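Reading the structure
What follows is the residue order along each chain.
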Amino acid sequence: MNRTELYAMAQAELDRQQKFRCRLLCCASTPCISSGGTAVYEAVKQAIEAEGLQAEVEAVATGCVGPCSRGPLITVKMEGREDVVYEQVTPEMAARILDKHLRSKPVALDDKMLPADWPFFVKQKKIVLADSGTVDPEKLESYVARGGYTALGHALREMTPEEVCEEIARSGIRGRGGAGYPSGLKWHMVRKAPGEKKYVVANGDEGDPGAYMDRTLMESDPHRVLEGMAIAGYAVGADQGYIYVRGEYPLAAKRLEKAIRAAERRGLLGSRVLDSNFSFRIDIRMGAGAFVCGEETALMASIMGRRGQPVPRPPYPANKGLWGGPTLINNVETFGNIAAIIGNGAEWYASFGTEKSKGAKIFALAGKVNNTGLIEVPIGITLREIVYDIGGGIPGGRAFKAAQTGGPSGGCIPAEYLDTPIDYETLQKLGSIMGSGGLIVMDDQSCMPDVAKFFMEFCMDESCGKCTPCRVGTVQMHRMLDKITNGTATMDDLKRLEELCLMVKESSLCGLGQTAPNPIYSTLRYFRDEYEAHIKDHHCPAGVCQFGAKAV
Amino acid sequence: MSVVTLTINDKLVSAQAGQSLLSAIKDQGIDIPTLCCLEGLTDWGGCRLCMVEVVGSPRLVASCVTPVAEGMVIQTESQRLTAYRKMIVELLLSERNHICASCVMNGGCELQSVAAKLGVDHVRYDYLCPDLPMDASHERNVMDPNRCILCTRCVRVCDQVEGAHTLDVMGRGIQQRVIAGLNQAWGTSRSCTKCGKCVQVCPTGALFKKGATAAEMEKQHDFLIWILDGREKKIWRWS
Ligand SMILES: Cc1cc2nc3c(=O)[nH]c(=O)nc-3n(C[C@H](O)[C@H](O)[C@H](O)COP(=O)(O)O)c2cc1C
Ligand code: SF4
Ligand code: SF4
Ligand code: SF4
Ligand code: SF4
Ligand code: FES
C-alpha cells in the first residue's frame, strides 16, 4: 500500500467507528485478564446481542488503561460525552452499564466509576501509552485510524536516514532499558558503522522483578513498537529486525505475531514498505526465561541460537553485533517513542522532561501504595507526586519509608528526597537508577536489610555463572545478608560484606554483576542503623525478621 | 601490521594492534595471574584474575579479553588489585571442595599455585561444598566436579581443537556444571575421542587420568601450541 491508501484505511476505520453510538472499551491486558477481564468482555458482547444493540454499540478488547489493581476496567466512550471508566467490573455489571448509558435508566454504578479528574490520570503524560487502552491491539486498522504508520511514511518519503537519526538525537531521548544511553548517538553510530548487513533488535526481555512496562506495551500497542523498529531500520540501514520477547509473555508474542502478519500483508512491513525502496522484515525470538539475556551481548548470543552468556565489550553491538554485522539494540519502550518523535518533531518531544532527560517514562508502580498500576509520567516529576497524587498515598495512612527504583540494579530513595525530581542524573546521585521502570513503594513496615536480601537472592539465581565475582560473590553476599537478617551476623561480617560488594561491582564482566551490590549499597547508605540494629541489638526495627539462634 | 604504543606500569611500550593486553603485558616479562586463559584457546574472560587498572577509568578490565589501544595507560599491580585477586581466589576455593591434601593435583595445580603466590592462607567466606558425584565412567579419564572452577578450558579445547564438542556447561550461576554429551555419564558419550586434551588443559584436579597418583599427574599445556603450530603454520616440533 502507499500513503494515500494508508490515509484511506484510516478514514474508513474512523467512519466505521463513528457509526456506533457507544463504544465499550474493555481492557484485555494481562493484569485485567487475570482478574477476570475475559469473562467481562464476553458478558459485554452477550449483553449487546441480547438487547439487539449490535448496530449501535461496539465492544472492543483493548490494551492496558493503567490502574491495574482496579481491573477489570471498562471505558464507556460516547459521542459528545466525557469518557467514563468503571473499575472492578464483573460480568453481571455488563447489562447494567448498557442500561445506564444507552437506556438512561437510573442504575447505581457510581461507586465503581473512576472520577474524570482523578489525579491518577490527570498527572500523567502519555506519549508511548497514548493509545493503549483505546486501540484494539489485534486490529491493524485500529492503530492506523489513530495515525499509525504515518510517521514511517513521513520518514521514508521526506527524510534521509541521516535526518531521522538527527531528529532522534535532537529529541534528547535516552534509552529506556536501564542505562539511559542517548539513543540518537547510538543510531548515528550504527548508521555510520561499515557493514553490508545491519540489524535492529528490540529488547523485550524485561526480567526485572515487578516490572511489566514492556509487556504491557507489546500487548497493548504492538504496531507502535513495530513502526518504531521500521523507522530505525530505515535510519540505520538495516533490513532485518528481531524482537526478543521474554518467554513468560505468550500474549505479547501472540499479538506481535498477529501485528507483524497484518502489517506485512498490507505492505507496511516486508519488502518495499509503503511502496518505497525500503524493505524491512521483523521476526520474533522468544527468550527462555533468563534475566541475563536482557544484557545486550547475551541477547545477541541467544538470538543466534547460542548459550545466552555475555561477552566483554568492546566490540560494541553498534560495530559488531549479530553475525558480525552492526546492530542497533534498543528497549521496546524506546522504540515506542520513535513514531511520536518523528510524527510530532524533536522540539515537541524535548518540551517534556528536564534539561538532560527528555520525554516521559513508564513506571510500574507497586508496593505499599493505594493505586498500583502502570503510569507514564513526564521525567522530572517528583516522587511525592507519584506516590501521593498518582498513587493515592499509602494504605492505612502509614508513613512512607522509601521507594525502590531500578530493580536488582537499583536502589532506594528515602523519605527526605520525596520532593526531588525523578530523572536520570538525580536518581544516580541518590545512589539509585531510573532503570527500566520498576517503582516499589515501601512503608515503615519494610525491613531494609531484608529488601536487600530479596534482590541479592534474585541476582544469585539469575547470575549466568561465567565470571567468578558474580557467580560466587552473589551467593556469599546473600549468605551474609541472611546472617544479618537472622541475627547471627557480627560487625565483622558487615565489613566483609562491604568489601565484597566493592570487588563484585568493579570486577564483574557484565552489568548484572556490576550492579548486583547496588541494593545493598543504597540501603546501607540510608539505613545503616537498621543493619546495626540487627547485628548489635539483635532487633529488627521494622518487625519483619524472625531471630532464631542467638548470636555467638 | 600496525603498532600501538601504550604505558604499562609507567613504562612506555609498543604492541601489535589487535594483540590482547594480557599478551602485551606478558611480553614485558610481567607476571600476572590467570586461570581461564590459555594460549591456543579463544579468550573467555571468566575468572577475572588478569584484571588491570586502566588509568582514568574506575572500571577494571580483564586484560585477556581487552585489546591494546593507542595511548592506553595501565597498571598491573596495586593494593586494590591484589586484594581483589585474593578475594576471587578465596571465592573459588569456597565454591567447591578444595582439600588439597586429598587431591591428585596437589603440587601441580594452577589454582593452588595462584593461591600460594597471592598469599591466600585462609578463606574468609563460608565453604559451600556442594556434594557433587564424581564421574569415573570414562575409560581413561575421571571428572571430579568438586574441584572444578568452571574456567571452560576443557569445553573450549574439546570444541575448538579436538572438534568433538563432547563437553559443555549446563545450568547457570552457582548451579553451573561441566557436562559430557547430553548430561550423561562421560563413558557413554559417543562423541568423545578419548584424546585427553581436556585433561591436559584443566588447571585443577577436576579432570585427571585414571589411576594416576598425585606424583604422576602432571599436566602439559605445551601440546596445544605444538598442535596449533603444526596445523596452522606447518611448524612441527618433534623433540
Ligand atoms: C543483566 C542485564 C539485564 C538487562 N535486561 C534488560 C531488559 O530486560 N530489557 C532491556 O531493554 N534492557 C535490558 N538491559 C539493558 C540492555 O543491555 C541494553 O542496554 C538496552 O536494551 C539498550 O536499549 P536502550 O538504549 O533503548 O535502553 C539489561 C542489562 C543487563 C546488564
Ligand atoms: S557478571 Fe554475572 S551475569 Fe554477567 S557474565 Fe559475570 S556471571 Fe554472568
Ligand atoms: S584442584 Fe587444586 S586447589 Fe583444588 S584441591 Fe586440588 S590441588 Fe587443591
Ligand atoms: S577426551 Fe578429547 S574428545 Fe573426549 S572430552 Fe576430552 S577433549 Fe573432548
Ligand atoms: S573441568 Fe577443569 S578445565 Fe573444565 S571447567 Fe572445570 S576446572 Fe576448567
Ligand atoms: S585470565 Fe583473564 S579473565 Fe581469566
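Here the structure is a predicted model, which means the values were calculated and not measured.

Quick notes on the rules
Residues numbered from 1 in each chain as written. Chains lettered and ligands numbered in written order. Predicted model: local features only at pLDDT ≥ 70, side-chain atom pairs only at ≥ 80, totals over all residues. Heavy atoms only, no water. Helix = DSSP H or I, 4+ residues; strand = E, 2+ residues; numbered from the N terminus. Rg over C-alpha atoms; globule rule 2.2 N^0.38 Å. Buried < 20%, exposed > 50% of the residue type's maximum accessible area, 1.4 Å probe, protein only. Lys, Arg positive; Asp, Glu negative; His and termini not counted. Charge placed at Lys NZ, Arg CZ, Asp CG, Glu CD. 1 Å grid on protein atoms, 1.4 Å probe; cavity = no way out; pocket = protein on both sides within 12 Å on 5 of 7 lines; lining within 4 Å. Points joined across faces, edges and corners; volume = space filled by probe spheres on them. Nonpolar A, V, L, I, M, F, W, Y, C, P; charged D, E, K, R; others polar. UniProt positions renumbered as here; feature names shortened; annotations may be inferred. Axes fitted to C-alpha atoms, helices over the stretch in contact; angles between N-to-C directions. Parallel < 35°, antiparallel > 145°, perpendicular 65-115°, else oblique. Left-handed = near helix turned anticlockwise from the far one by under 90°. Contact = heavy atoms within 4.5 Å. Domains from an automatic or database assignment. Buried area = accessible area lost by both parts, 1.4 Å probe. Salt bridge = Lys/Arg side-chain N within 4 Å of Asp/Glu carboxyl O. Phe/Tyr/Trp six-rings, centres within 6.5 Å; stacked < 30°, edge-to-face > 60°. Lys NZ or Arg CZ within 6 Å of the ring centre and 35° of its normal. Core = buried A, V, L, I, M, F, W, Y, C linked by side-chain atoms within 4.5 Å. Near = heavy atom within 4 Å. Polar contact = N/O pair within 3.5 Å; in protein donor to acceptor, adjacent residues only side chain to side chain. Arc of directions from axis to C-beta. Pairing = 2+ DSSP bridges.

Overview of the overall build of chain B
Check the secondary structure of chain B and you find six helices and nine strands. Here the C-alpha radius of gyration of chain B, 19 Å, is about what a compact globule of 239 residues would show, namely 18 Å. Expressed as a percentage of its 239 residues, the buried residues of chain B come to 52%. Of the side chains in chain B, 26 bear a positive and 25 a negative charge, and the two mean positions are spaced by 3 Å.

Structural notes on empty space enclosed by the protein
Residues and elements named next belong to chain B. The final tally for this structure, using the stated rule, is four cavities of 30 Å³ or more. Each pocket or cavity is described by its volume, and for the largest cavity that value is around 120 Å³. In terms of lining residues, the largest cavity is bounded by 16 residues, among which Cys148, Cys154, Val178, Cys202 and Ala206 are the most central. Per-class residue counts for the lining of the largest cavity are twelve nonpolar, two polar and two charged. Here the second largest cavity is characterised by a volume of approximately 80 Å³. Lining of the second largest cavity is provided by 16 residues; of these, Cys158, Cys192, Cys195, Gly196 and Cys198 occupy positions nearest its centre. Secondary-structure elements contributing two or more residues to the lining of the second largest cavity are helix H4 (153-161) and helix H5 (197-201). Looking at which element gives the most residues to the lining of the second largest cavity, the answer is H4, with three residues.

What to know about the UniProt feature "domain: 4Fe-4S His(Cys)3-ligated-type" (unreviewed entry) in chain B
Look at the UniProt record and you will see "domain: 4Fe-4S His(Cys)3-ligated-type" (unreviewed entry) annotated at residues 80-119 of chain B. Measuring from the first to the last C-alpha atom of residues 80-119 of chain B gives 15 Å, for a span that is 62% helix and 0% strand.

A closer look at the packing of helix H2 (residues 79-95) of chain B against helix H3 (residues 110-118) of chain B
All names here are of chain B. For the pair H2 and H3, interaxial distance at closest approach is 10 Å and the crossing angle is 140 degrees. Compared by their axis directions, H2 and H3 come out oblique. In the packing of H2 onto H3, the handedness of the crossing is left-handed. From H2, Arg85, Lys86, Val89, Leu92 and Leu93 reach across to H3, where they touch Leu111, Val114, Ala115 and Leu118. In terms of residue class, the contact of H2 with H3 is made up of seven nonpolar, no polar and two charged.

Examining the domain arrangement of chain B
Residue and element names in this part refer to chain B. Under the domain assignment used here, chain B contains domain 1 (3-77) and domain 2 (84-233). Here domain 1 and domain 2 have C-alpha centroids that lie 25 Å from each other. With 22 residues of domain 1 at the interface, the matching set in domain 2 holds 24 residues. Across the interface of domain 1 and domain 2, roughly 1800 Å² is buried in total on both sides, 65% from carbon and sulfur atoms. Of all residues in domain 1, the largest losses of buried area upon contact with domain 2 belong to Leu35, Leu38 and Leu41, amounting jointly to 36% of the total for that side. One can count two salt bridges joining domain 1 with domain 2.

Structural notes on the domain arrangement of chain A
Residue and element names in this part refer to chain A. Domain assignment breaks chain A into domain 1 (19-118), domain 2 (147-350), domain 3 (360-443) and domain 4 (448-536). Put simply, the middle of domain 1 and the middle of domain 2, counted by C-alpha atoms, are 34 Å apart. With eight residues of domain 1 at the contact, the number on the domain 2 side is seven residues. Taking both sides of the interface into account, the surface hidden between domain 1 and domain 2 amounts to around 520 Å²; carbon and sulfur atoms contribute 48%.

Re the packing of aromatic side chains
Applying the stated rule across the entire model yields 14 aromatic pairs over all chains. Ring plane angle 75 degrees and centroid distance 5.4 Å describe the contact between Trp118 of chain A and Phe121 of chain A, whose orientation is recorded as edge-to-face. Judged by relative accessible area, which is 25%, Phe121 of chain A ranks as partly exposed. Pairwise contacts between aromatic rings join Trp118, Phe120 and Phe121 of chain A into one cluster. The residue whose ring lies beneath Lys361 of chain A is Phe363 of chain A, and the NZ or CZ to ring-centre distance is 5.9 Å. The ring of Trp44 of chain B has Lys466 of chain A lying over it, and the distance from NZ or CZ to the ring centre is 4.2 Å.

Regarding the nonpolar core
One finds Leu497, Leu500 and Ile520 of chain A together with Val89 and Leu224 of chain B to be the most contacted residues of the largest nonpolar core, which totals 100 residues. For this core, the element with the highest residue contribution is H2 of chain B, accounting for eight residues. Counting residues in each nonpolar core, the second largest holds 74 residues, with Leu217, Val236, Leu274 and Phe335 of chain A among its members.

Concerning the site of ligand 3
Neighbouring residues of ligand 3: His98, Ile99, Cys100, Cys103, Asn106, Cys109, Leu111, Arg147, Thr204 and Gly205 of chain B. A class-by-class count of the residues in the shell around ligand 3 yields five nonpolar, four polar and one charged.

Concerning the interface of chain A and chain B
The partner chain B presents 31 residues to the 33 residues of chain A that form the contact. Interface area, chain A with chain B, both sides summed: about 2800 Å², of which 53% is carbon and sulfur. Linking chain A with chain B are six salt bridges, by the criterion used here. Residues Arg479 of chain A and Asp126 of chain B are paired through a salt bridge, measuring 3.0 Å at the closest nitrogen-oxygen approach. There are 21 residue pairs in polar contact (both at pLDDT 80 or more) connecting chain A and chain B. Among the secondary structure elements, those contributing two or more residues to the side of chain A that touches chain B are helix H18 (448-462), helix H19 (468-485) and helix H20 (491-507) of chain A.

Section: helix H16 (residues 383-390) of chain A
Three- or four-residue spacings in an α-helix give side chains the same orientation, since the helix completes a turn every 3.6 residues. Residue and element names in this part refer to chain A. Taken as a whole, H16 has its buried residues at Leu383, Ile386, Val387 and Ile390. Each buried residue of H16 sits inside an arc of 120 degrees when the element is viewed along its axis, so together they form one side. As for H16, its buried residues are in contact with helix H5 (119-122), strand S10 (360-367), strand S11 (373-378), strand S12 (400-405), strand S13 (411-414) and strand S14 (438-443). Gly392 sits one or two residues past H16 and shows a positive phi near 70 degrees.

Points about the sheet that holds S14 of chain A
Residue and element names in this part refer to chain A. If you walk across this open sheet you meet the five strands as S11-S10-S14-S12-S13, and the pairing is mixed. In this open sheet, the two strands that pair with only one neighbour each are S11 and S13. Looking at each pair of strands side by side, their axes are set apart by 30 degrees on average, direction ignored. Packing of helix H10 (residues 213-220) onto the sheet brings it into contact with S10, S11 and S14, and relative to S10 it is tilted by some 115 degrees.

So, the sheet that holds strand S7 (residues 240-245) of chain A
All names here are of chain A. Pairing in this open sheet of four strands is parallel, and the strands run S8-S7-S6-S9 from one edge to the other. Two strands in the sheet have a free side with no partner beyond their single neighbour: strand S8 (281-286) and strand S9 (327-331). Direction aside, neighbouring strands of the sheet carry axes that sit 20 degrees apart on average. Pairing analysis gives six bridges linking S7 to S8, with the strands arranged parallel. Among the inter-strand pairings, Ile243 is bridged to a residue of S8, identified as Ile284. Relative to S9, helix H14 (residues 332-344) is tilted by about 95 degrees, and along the sheet it contacts strand S6 (199-204), S7 and S9.

Quick look at the pattern of salt bridges
Residues and elements named next belong to chain A. Tallying each qualifying case throughout the model produces 57 salt bridges over all chains. Its salt-bridge partner being Arg246, residue Glu248 comes within 3.2 Å of it at the nearest N-O pair. Across the salt bridge formed by Asp419 and Arg384, the nearest N and O atoms sit 2.8 Å from each other. Of the two residues, Asp419 sits in the loop between S13 and helix H17 (424-429) while Arg384 sits in helix H16, which places them 35 residues apart along the sequence. Of the residues examined, Arg384 reaches a relative accessible area of 35% and is grouped as partly exposed. Salt bridges here are not isolated pairs; linked through shared partners, they connect Glu13, Arg16, Arg23, Glu58 and Lys139.

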